[in-house]
Amino acid sequence: MNKPEFLKGDKGLLLATFAGLILSDLIPGPGDAIYFHYNKKWRDQWAKGELTSRQYWTRETLAYYFFNSGWWTLVAIATLSTPGKLENKLKTLLALTGAGFVAGVLIKNIKSDEAEKLAEKNLAKEKLYTQTNGKTT
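As the structure is a computational prediction, the values presented were derived from the model and not from experiment.

Asker: Even after reading the chapter, I still don't get the pattern of salt bridges, so can you show me in this structure?
Answerer: Side-chain pairs of opposite charge can arise where the charged atoms are in close proximity. Tallied over the entire structure, the rule returns 4 salt bridges. For Asp44, the salt bridge goes to Arg43, with nearest N and O atoms at 3.4 Å. For Asp44, a relative accessible area of 25% puts it in the partly exposed group. Residue classification places Arg43 among the partly exposed residues on the basis of a relative accessible area of 39%. Here Glu87 makes a salt bridge to Lys91, at a shortest N to O gap of 3.5 Å. Linking Glu87 with Lys91, this pair stays in helix α4 (residues 86-131), spanning 4 residues, or about one helical turn. This pair shows no difference in class: Glu87 is exposed, exactly as Lys91 is. Salt bridges sharing common partners tie together Lys40, Arg43 and Asp44.

The rules we used
- Residues numbered from 1 in each chain as written.
- Predicted model: local features only at pLDDT ≥ 70, side-chain atom pairs only at ≥ 80, totals over all residues.
- Heavy atoms only, no water.
- Salt bridge = Lys/Arg side-chain N within 4 Å of Asp/Glu carboxyl O.
- Buried < 20%, exposed > 50% of the residue type's maximum accessible area, 1.4 Å probe, protein only.
- Helix = DSSP H or I, 4+ residues; strand = E, 2+ residues; numbered from the N terminus.

Below, the structure is given as C-alpha cells:
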C-alpha cells in the first residue's frame, strides 16, 4: 500500500509532530489538573493579600509552562524506555495518554461538582437571609 503524498518523507514526520503537539494541548491530563489546583490556591492567596502580584504571576507563569510539559516529558520517557518493538512503545503511549485523559476529566468533574455545591450553599444562605428580612441574629 502506498502512502499518500503528504505523508511521504519529511512531510509525514512534520505532520505527525504537529498533530502530536496539537493533541498534547487538547488532551487533559494530570499536569493540567495540578495546574488548575495551584491556580485556584494562588489566586485565593493573592485575593487575600498573602501574595504580591509579582509572586502570583511568577508562580502562575512557571506552573503554566512546567506542569503540562512535565507530564508529557514523563510520558515520553516512559514510552521511549519501554522495552521491545515500536508496537510495545505505542501501547505504553496510548495507555498513559488514556490514563491522563481520564484523570483530567475526573478532576474537572470533581471541580465542577464542588462549584455546584458552593452555589447551592450560597443560594441557601441567600434564601435564609431573605426570609429573615436581612436581620442577623
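Having put the structure on the table, let's press on.
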